[in-house]
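Overview (structure and organization)
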Amino acid sequence: MWGWLLRRLGQIIPTLLILSVMIFALQQLMPGDPAIIMAGEERGDPQVLAEIRAELMLDRPVWEQYAAWLWRLLHGDLGFSWRIRQPVGSLILEKLPVTLQLGTMAFVIAVAIGVPAGVISAAYRDRPADWAANGIALAGISTPNFWLGIMMILLFSVQLGWLPPSGYVPLSEDWRQSLATTIMPAFVLGGGIAGVFMRHTRAAMIGALGQDYVRTARAKGLPERTVIGRHALRNALIPVVTLGTIELGRLLAGAVLTEQIFSIPGFGKLIVDAVFNRDYPVVQGVVVTTAVIFVSLSLIGDMLYMAINPRLRAA
Amino acid sequence: MTTSFQTARPSRSPGRALRILLGALPLLAGLGAAEAQTLRIGMRDDPDILDPTLSRTYVGTVVMTALCNKLFDFDEKLNIVPMLATGYEWTDEKNLIIRLRSGVTFHDGTPFDAAAVKYTLERHLSMQGSYRRSEIGAMGHAEVVDPLTVRVVMKRPFAPFVAVLTDRAGMMVSPRAAEAAGRDFGRAPVCAGPFRFVERVAQDRVVVQRYPGYWDAGRIHYDRVHYSIMPNSTARLANLQSGTLDLTEVAPLDAETVTKDRRLALVSTPSLGYGSITINLGDHPQARTPLAQDARVRRAFELSLDRKALTEVVVAGLYEPAAQPTAPASPLHVPSVTPSARDIPRARALLREAGVATPLKVSLLVYNTPQAVQSGEVIQAMAAEAGFEVEVKAFEFGAALTAVNNGELAMTLGGWSGLLDTDSNSWSFLHTGGALNMARYSNPVVDAALDRARESTDVATRRAAYEEAWKQIGADLPLIYLWQTRNVAGVSRKVAGFRLLADGLIRLQDVRPAP
């Protein structure tokens, strides 16, 4: 187990290094010259452009920029935002709790709706409950977040006046207001993913319910609830956990459109604004942070498999 | 109130859970009711650095208007009025005396005086990366005459100088704070405006608090102002309608919704800005078209456009057709220069005269916003009738700036948010070698007229110079002016006293809770 964990950790470092090289390489392909964008109204003045390029090291070869960035990163310094001159590290720390809260809430909503719906759908296969669950799942997957978000704002905020239409209040400041500002975006995000969870759980459950051990459990006279909950679901959960770690990772990388509609200052908004403003230190910092979150979640997912299915521990 | 969510969790019946959840929503709704003395303003974008010297965005100026008073301001009729200065006088064409208000302090208690003005102006001029350098580049140096008098000595005559001081270049910073913070000053700016900086959360909010020592404190009626960043115009409108925002900029097509809502008022005023098509006359291979080479072809393109119809379709007719970069309210506006009417037969005749085979293919760069793309498509349809085949290319902002700067497209649909003096709206765009001369236009007649207009302080002389320039521009057409834009804001009826001036900035003087 420990050897396996060390091997996995050892794989993470080269993954992150390759990723960081890719960020730098892809940045070179992005259209638009950061110096011209930063220069604003002075962009026609070659002297101003030269000054900006020198200050931001844009006049140096890419490998040199990369080496300087990596050196600073190894010292825990992600650099400064070119646009607002704030340290990238503090910007990320500012957004991380927002994204964590929104992502976790959306994930909980998705699991709470998707997994039970998938189980019910598989248990009542080809019956009205299955059709209804499938219909709802399809609607959830195919409804654009942008549209659903606007509709929810119009209903719950403008018409009924129950919820604030957008903005964000930290949990530490006022938990009720914090929930009020995040419940709609979490539902919009989680609703779509719930459909995906439902479809995967249903497929995995149908597979598991056809297995010999389930037939044996039923033959032993176990109640159907125990057969489904303890025997079939436990095995069916393995692909769902894989999906869960991927979806949670995606949620924690920021949800661009939803954050935009609800004015939630999370990772999605941060990185989109940074890309549009060619604020490269912010782009690099956010991508590296989300990559770390992603690989950590993947590691946790693998550890969860072992907890769910002891046979994997021997492998 | 706090238990509703806890009861919802263990509930087994979906119907009951849903009822409890929906029932709990209004209980969470504490946010809608803002504190009585906080004004909540919606912003379309996140400001850049809040430093008058280093700032380059319009939204940054909106926030800094609350933080930093300027030496001068202007009124509804675009007359320059005193702010931190009480008056000015040109003793000759190169010497400007500015008299200052007494009893003013910066937010850190530092007194505002002639030394602070000298410090700020010279900071604009010499700080590395200053975006004010070209605005006040004609200034040589500043001298302290006495604690409340400054003499600005110009390197060359530059009449628009005082008008420039009604914008960011006129915003005064505390020398003590600026020296201590250096390039990080904009992270916690210290100025002499009605509000002082409290906090900023990037992409979320900027919060400012009333400064008790403000020299004109009687006109300030809110304790706090909360600027919320909301890039989506539909979300901004929804926030205004639900009462989460008190005041926000409104997209032109949302103006009617605001007008119909009894809880809201629409405040709208003609702006200093304009929309235009810039034609690339440079030598980039993609720009080497008959459009760049023959003024008759450009004239034919202009005659294919119906400016009025264009604004009707794109901005519900809110913008006014225009043919010059000066707002009609300005004393420098030239009434004899008017937009030409659409004339397709004449446009076709001009193309025949120029010997151009039709349809003539030309590329038009537009910024990737719904309004700009729609404008491009309407222009495409109009120009097609005259014999142009316009390829509309929508570019993301950063890519567009670079493409335009590098002269890669035949035409660009763009605009300028506008400043008080016509010089700031024309010289850089039309003068040979101007920093924003993306048309790569050069005509000695126009250069001379623009130079004459910036050297004289006499309004009639300046207007005559501009008339000459616009007539030549109308013949050469490096730019086709389309419309004068409008500032549009939606305001809650709970707020009184809000006025919008031509620059569209949010001035908080006299804005108060409605009785």
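Structure first, text after, so check above.
Source: prediction; values computed, not measured.

Reading guide: rules and limits
- Residues numbered from 1 in each chain as written.
- Chains lettered and ligands numbered in written order.
- Predicted model: local features only at pLDDT ≥ 70, side-chain atom pairs only at ≥ 80, totals over all residues.
- Heavy atoms only, no water.
- Pairing = 2+ DSSP bridges.
- Helix = DSSP H or I, 4+ residues; strand = E, 2+ residues; numbered from the N terminus.
- Axes fitted to C-alpha atoms, helices over the stretch in contact; angles between N-to-C directions.
- Contact = heavy atoms within 4.5 Å.
- Disulfide = S-S within 2.5 Å.
- Buried < 20%, exposed > 50% of the residue type's maximum accessible area, 1.4 Å probe, protein only.
- Buried area = accessible area lost by both parts, 1.4 Å probe.
- Salt bridge = Lys/Arg side-chain N within 4 Å of Asp/Glu carboxyl O.
- Polar contact = N/O pair within 3.5 Å; in protein donor to acceptor, adjacent residues only side chain to side chain.

We now examine the sheet that holds strand E5 (residues 95–100) of chain B. Residue and element names in this part refer to chain B. Ordered by their spatial adjacency, four strands build an open sheet running E4-E5-E7-E6, and the pairing between neighbours is antiparallel. With one partner strand each, in any of the chains shown, strand E4 (85–92) and strand E6 (139–146) form the two edges of the open sheet. Strand-to-strand, the axes of this sheet are offset by a mean angle of 20 degrees, without reference to chain direction. Contacts from helix H4 (residues 114–126) reach E5, E6 and strand E7 (149–154), with the element oriented near 170 degrees to E6.

This paragraph deals with the state of the cysteines. Residue and element names in this part refer to chain B. Taken as a whole and judged by the stated rule, the model has one disulfide over all chains. Across a sulfur-sulfur distance of 2.2 Å, Cys 68 and Cys 191 are joined as a disulfide pair. One quick way to see it: the torsion about the S-S bond of Cys 68 and Cys 191 is about 50 degrees, and its sign makes the bridge right-handed. Taken together, the residues span a long stretch of sequence, with Cys 68 in the loop between helix H3 (58–67) and strand E2 (72–74) and Cys 191 in the loop between helix H6 (175–181) and strand E8 (195–201) at a distance of 123 residues. Classification of Cys 191 as buried rests on a relative accessible area of 0%.

With 56 residues of chain A at the interface, the matching set in chain B holds 57 residues. Between chain A and chain B, a total of about 5000 Å² is buried, with carbon and sulfur atoms accounting for 57% of that surface. On the chain A side of the contact with chain B, A:Glu41, A:Arg83 and A:Trp162 bury the most area, a combined 14% of that side's loss. Summed over the shared surface of chain A and chain B, the number is four salt bridges. One salt bridge in this structure joins A:Arg85 and B:Asp184, with 3.8 Å as the shortest N-O distance. Counting across the chain A and chain B interface gives eleven residue pairs in polar contact (both at pLDDT 80 or more). Counting residues per element, the ones that place at least two in the side of chain A that touches chain B are helix H2 (34–39), helix H3 (46–55), helix H5 (88–123), helix H7 (145–159), helix H8 (175–209), helix H11 (256–261) and helix H12 (267–276) of chain A. Here the side of chain A that touches chain B gets seven residues from one element, more than from any other, and that element is H8(A).

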